[in-house]
Amino acid sequence: MPVAKPVSSDGRVIAHIDMDCFYVQVEQRKHPELRGLPTAVVQYNSWKGGALIAVGYEARALGIKRSMRGEEAKAVCPQIHLVQVPVARGKADLNSYREAGSEVVSILARMGRCERASIDEVYLDLTDAAETMLSETPPESLEIIDDEALKSHILGLKHEDGSDMKENVKGWLRRSDADHREKLLACGVLIVADLRMQVLQETQFTCSAGISHNKMLSKLASAMNKPAQQTVVPCSSVQQLLESLPIKKMKQLGGKLGSSLQSELGVNFVGDLLQFSEQKLQEYYGINTGTWLWNIARGISGEEVEGRLLTKSHGSGKTFPGPRALKTLHSVQHWLNQLCEELSERLQTDLDQNRRIARTLTLHARAYMSSDSDSHKKFPSKSCPLRYGTTKMQEDAMNLFQAGLREYLGPFEVKMQGNKKIGWGITGLSVSAGKISDIPSGTSSIMKYFQGHDRLCSPSKLAKEKFELEDPCSFSENESNSTLDIIEHTKLPEEEATVNNESSDLESMEHKTSTNSLEVPFYSSMSSLKKADFSQETPLSFSGRESHLEPKLTELQSKVSSKESTFESGRPASEQQVKRNALRDKGTPSLLRFFRRVDPSCSIQSQVLAQSSDDTNIRSSLENNNSIHGDSLSEDVQRREMWRYNVDEIDPSVIDELPSEIQEEVRAWLRPQKRQANSARRSVGIADYFSRNKKL
């Protein structure tokens with residue numbers, strides 16, 4: 001039910017811009033030879049020439065209506081040109097029209113707060129621009145006024161016989177005795193006329209406009225004079241507009257509420273509501289809706305223009321009329337797959353271009369059952385949290401449909417009438433993504449941490465090959481690129497705790513061991529370790545942990561050589577090694593794939609550095625050990641800064657997607673200060689894979 005909203009005491013200037021037969025204009029821009037000719041856009045369904053979804057004004061003048069099909073239109077107007085709407089995935093593809101609408105929005109938004117209402121409709125709040133014009137160049141001071149503004153239709157402005165309409169409009173615009181609100185409205189007329197000309201010059205599209213003090217009146221006015229014209233509704237002419245307006249033509253009164261007003265109160269025109277007091281309307285329809293009805297009867301609306309250049313939701317749907325109704329789960333699954341594929345593509349585009357993310361997936365359907373007694377029953381809409389990725393979206397949509405179907409059919413999914421099976425049919429199906437919001441600034445994908453790790457550890461390797469997932473089966477083909485990119489992590493303003501990849505991380509994940517018991521991580525092969533060049537500069541640095549590295553590296557190399565020689569001698573693998581190999585072949589949690597990409601030499605050096613916790617003279621040691629640390633301390637400091645990350649940038653929901661046995665340990669890893677020093681280690685966790693005591 002509609003609700004009354006507070007009304008601003010200040011005068012507002014609101015415009016509603018409505019494109020003229022937009023689909024036809026887009027097609028005529030693609031095919032200039034169609035300009036000026038009777039043209040219509042038809043659906044891709046070829047039955048009887050296809051349904052007309054847009055009819056140009058040249059064709060309307062010859063008797064063509066949208067209710068016709070292509071063959072009927074040809075019979076009425078043989079010279080009509082029928083252009084088929086683009087098709088993709090077995091349904092109409094409206095992307096070209098959406099993109100053309102975005103061109104128009106970008107122009108209109110230059111002058112004020114802009115709200116995109118649909119593909120071809122826009123609301124504009126021009127109050128600030130009108131105030132500026134009134135203070136700098138008021139209309140009453142203008143000697144020359146643009147001809148397009150003089151063509152405006154001023155509701156209530158009377159034209160005497162033989163008078164020049166443009167001169168009358170000019171006189172109305174230049175009134176010096178008008179109140180402040182009316183002067184603002186006159187400025188709005190000039191601004192909208194100029195914007196419409198800009199749209200025509202830059203896009204080749206014409207549009208009509210309604211100009212008033214609120215959205216409701218502007219919307220009504222924009223349809224009064226078309227095409228390529230504008231209509232103004234001054235305060236003094238509001239009742240003239242509403243008194244003869246059918247109640248069903250008013251926004252939010254076209255359904256049950258409007259029918260109730262007609263049947264219960266005998267209200268057929270908006271002006272008829274004036275006979276009822278606000279209290280009487282509240283008794284019938286409640287306090288909020290009763291007040292709203294009382295307001296609209298007087299042209300009062302507090303609905304504001306939202307600053308939104310993009311749509312609030314994305315949707316994809318298709319109808320299946322008559323014999324084309326879907327009657328099996330297999331056919332429903334097929335079309336849901338097509339709809340979700342289109343929706344996923346649009347969501348990904350929105351994410352890439354506008355950094356917006358949707359939260360909710362909703363399924364709508366229209367259905368019928370063979371039983372007449374159930375024909376009135378409505379198929380319930382179902383929603384769930386939206387998961388990015390085409391395959392996931394398809395799975396969720398089908399689950400929603402099945403849940404809705406069970407509720408629709410009731411306790412008995414299949415009814416019998418004699419020996420005849422009573423089935424169901426789907427005549428309309430759609431999926432939509434809602435609760436779209438901007439991704440806060442200062443957030444980034446979790447991928448940057450792992451890519452940065454790989455880049456720091458092996459810069460030459462990064463230059464030669466791209467980052468690849470080692471377990472592609474974990475993601476579907478359509479999700480492998482999009483799912484990871486969509487996971488965003490919000491930086492909380494109230495906390496600025498920074499976690500460095502230093503000793504606290506290692507201590508929270510691993511037991512401290514002596515330098516003599518240092519072992520090789522499981523993801524580093526013996527041969528690669530033996531050949532590793534330990535004279536390269538150390539990619540990762542941990543402040544306060546490095547000292548006397550050369551003896552440790554020498555000792556480590558000897559351990560690796562000894563370990564490899566043991567394997568090469570043909571000794572049978574231990575039972576523990578067999579289990580480890582089996583675990584590795586079976587697959588490990590998805591998070592570990594990123595760590596397996598790390599250069600082995602980087603991992604060993606970082607472990608050596610982690611053990612050097614007692615030396616406080618690290619700076620001098622780093623400067624003197626060029627074989628390990630490179631040219632200068634400044635480079636080392638720079639590398640250390642590159643590896644740091646802010647724990648508050650990591651979304652906790654990402655951790656929830658990890659295997660349950662490692663979730664708590666990852667949380668402790670991210671916030672080690674919350675972990676008890678003597679807490680007992682679990683038998684299985686992510687730290688086990690990186691433990692120094694873990695033997696191959």
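Residues numbered from 1 in each chain as written. Predicted model: local features only at pLDDT ≥ 70, side-chain atom pairs only at ≥ 80, totals over all residues. Heavy atoms only, no water.

The protein chain goes by DNA polymerase eta in an unreviewed UniProt entry, where it is assigned to Eucalyptus grandis. According to its UniProt record, the protein chain has this under Catalytic activity (unreviewed entry): "DNA(n) + a 2'-deoxyribonucleoside 5'-triphosphate = DNA(n+1) + diphosphate". What UniProt records for the protein chain under Subcellular location (unreviewed entry) is the sentence "Nucleus". (UniProt positions renumbered as here; feature names shortened; annotations may be inferred.)

Engineer: It is not clear to me how unusual backbone geometry should be interpreted in this structure. Could you clarify?
Structural biologist: Residues other than glycine predominantly adopt negative phi, and peptide bonds predominantly adopt the trans conformation. The omega torsion of the bond from Lys 226 to Pro 227 falls at 0°, within 30 degrees of zero and hence cis. With respect to the helices, strands and loops of the structure, Pro 227 is situated in the loop between helix 9 (215-222) and strand 11 (230-232). A positive phi angle, near 55°, is found at Ala 228, a position not held by glycine. Structurally, the position occupied by Ala 228 is in the loop between helix 9 and strand 11. Classification of Ala 228 by relative accessible area gives partly exposed; the value is 30%. Of note in the backbone geometry, Gln 252 takes a positive phi value of approximately 75° without being a glycine. Among the secondary structure elements, Gln 252 is positioned in the loop between helix 10 (238-242) and helix 11 (256-265). The partly exposed category is assigned to Gln 252, whose relative accessible area is 47%. (Helix = DSSP H or I, 4+ residues; strand = E, 2+ residues; numbered from the N terminus. Buried < 20%, exposed > 50% of the residue type's maximum accessible area, 1.4 Å probe, protein only.)

Engineer: I would appreciate a short explanation of the pattern of salt bridges in the present structure.
Structural biologist: Once their charged atoms are close, side chains differing in charge can pair, the charge on each being opposite to the other. Across all of its chains, the model carries 26 salt bridges by this definition. The closest approach of N and O atoms between Glu 148 and Lys 151, which form a salt bridge, is 4.0 Å. A residue is classified by how much of its surface remains accessible, and Glu 148, at 11% relative accessible area, is buried. Glu 306 is paired through a salt bridge with Arg 308; the nearest N and O atoms lie 2.6 Å apart. Look at Glu 306 and you get partly exposed, because its relative accessible area is 39%. What makes Arg 308 buried here is its relative accessible area of 15%. (Salt bridge = Lys/Arg side-chain N within 4 Å of Asp/Glu carboxyl O.)

Engineer: Please explain helix 5 (residues 127-136) as it appears in this structure.
Structural biologist: Because each turn of an α-helix spans 3.6 residues, side chains separated by three or four positions in sequence point in the same direction. Buried residues of helix 5: Thr 127, Ala 129, Ala 130 and Leu 134, and no others. When helix 5 is viewed along its axis, its buried side chains cluster within an angular range of 160° and face the same direction. Looking at helix 5, the residues exposed on the side facing more than 90 degrees away from the buried face are Asp 128, Ser 135 and Glu 136. Where helix 5 is buried, its residues meet strand 8 (121-125) and helix 8 (180-203). (Arc of directions from axis to C-beta. Contact = heavy atoms within 4.5 Å.)

Engineer: What is the right way to look at the sheet that holds strand 2 (residues 39-42) in this model?
Structural biologist: The strands that make up a sheet are held in pairs by hydrogen bonds between backbone atoms, and each pair lies either parallel or antiparallel. The strand order across the open sheet built from three strands is 3-2-4, with neighbouring strands paired in mixed fashion. Each end of this open sheet is capped by a strand with a single partner; those strands are strand 3 (52-55) and strand 4 (81-84). For this sheet, the mean inter-axis angle between neighbouring strands, taken without regard to orientation, is 30°. The sheet contact formed by strand 2 and strand 4 spans four bridges and is parallel. Across the sheet, residue Val 42 finds its bridge partner in strand 4, namely Gln 84. Contacting strand 2, strand 3 and strand 4, helix 1 (residues 22-30) crosses the sheet at an angle of about 105° to strand 2. (Pairing = 2+ DSSP bridges. Axes fitted to C-alpha atoms, helices over the stretch in contact; angles between N-to-C directions.)

Engineer: In this structure, what is going on with helix 4 (residues 95-108)? I would like to understand it.
Structural biologist: Spanning 14 residues, helix 4 covers 20 Å between terminal C-alpha atoms, matching the ideal 20 Å at 1.5 Å per step. All of the buried residues along helix 4 are Tyr 97, Arg 98, Ala 100, Gly 101, Val 104, Val 105, Ile 107 and Leu 108. (Expected span 1.5 Å × (residues − 1).)

Engineer: Looking at this structure, how should I read the sheet that holds strand 9 (residues 153-154)?
Structural biologist: In spatial order, the strands read 7-8-1-10-11-9; together these six strands make up an open sheet with mixed pairing. Every interior strand has two partners, whereas the edge strands, strand 7 (113-118) and strand 9, have only one. Across five bridges, strand 7 lies against strand 8 in antiparallel orientation. Counted as the bridge partner of Ser 118 is Glu 121 from strand 8.

Engineer: Looking at this model, I keep getting lost on the pairing of strand 8. Mind explaining?
Structural biologist: Consecutive side chains along a regular strand alternate between the two faces of the sheet. Taking burial as the measure, the five residues of strand 8 include five buried ones, the bulk of the element. Judged by which residues are buried, strand 8 turns out to be covered on both faces: Glu 121, Tyr 123 and Asp 125 on one side and Val 122 and Leu 124 on the other are all buried. Judged from the five bridges that link them, strand 1 (residues 14-19) and strand 8 form a sheet pairing that is antiparallel. Its bridge partner lying in strand 8, Ile 14 is registered against Asp 125.

Engineer: It is not clear to me how the nonpolar core should be interpreted in this structure. Could you clarify?
Structural biologist: Most often, soluble globular proteins keep nonpolar side chains buried together rather than apart. Among the nonpolar cores identified, the biggest contains 49 residues, and Ile 17, Leu 108, Leu 124, Leu 173, Phe 205 and Ile 211 are the most heavily contacted of them. Tallying contributions element by element places helix 8 first for this core, with eleven residues. Split by domain, the residues of this core number at least three in each of domain 1 (21-89) and domain 2 (99-297). Not counting the four nearest positions on each side in its chain, Leu 108 is found in contact with Ile 17, Val 122, Leu 124, Leu 195 and Val 199. Residues Trp 335, Ala 358, Met 398 and Leu 429 belong to the second largest nonpolar core, which totals 36 residues. (Core = buried A, V, L, I, M, F, W, Y, C linked by side-chain atoms within 4.5 Å. Domains from an automatic or database assignment.)

Engineer: Would you mind going over the environment of Ile 191 with me for this structure?
Structural biologist: Among the secondary structure elements, Ile 191 is positioned in helix 8. Look at Ile 191 and you get buried, because its relative accessible area is 4%. A C-alpha to C-alpha distance of 8.6 Å links Ile 191 and Ala 149, two positions 42 residues apart in sequence. Setting aside residues no more than four positions away along its own chain, Ile 191 makes contact with Met 111, Leu 126, Ala 129, Ala 130 and Met 133.

Engineer: Before we go on, may I ask you to explain the state of the cysteines in this structure?
Structural biologist: Note: disulfide means a covalent bond formed between the sulfur atoms of two cysteine side chains. By the definition in use, this model includes zero disulfides. Free of any disulfide, Cys 384 has its nearest neighbouring cysteine sulfur in Cys 340, separated by 9.7 Å. For Cys 384, a relative accessible area of 18% gives the class buried. (Disulfide = S-S within 2.5 Å.)

Engineer: How should I be thinking about the packing of helix 12 (residues 278-285) against helix 13 (residues 287-296) in this particular structure?
Structural biologist: A packed helix pair is summarised by two numbers, namely the angle formed by the two axes and the spacing between the axes. Their axes nearest at 7 Å, the elements helix 12 and helix 13 cross at an angle of 135°. Accordingly, the angle class assigned to the pair helix 12 and helix 13 is oblique. The handedness of the crossing between helix 12 and helix 13 comes out as right-handed. Of the residues in helix 13, those in contact with Glu 278, Leu 281, Gln 282 and Tyr 285 of helix 12 are Ile 287, Thr 289, Gly 290, Thr 291, Leu 293 and Trp 294. (Parallel < 35°, antiparallel > 145°, perpendicular 65-115°, else oblique. Left-handed = near helix turned anticlockwise from the far one by under 90°.)

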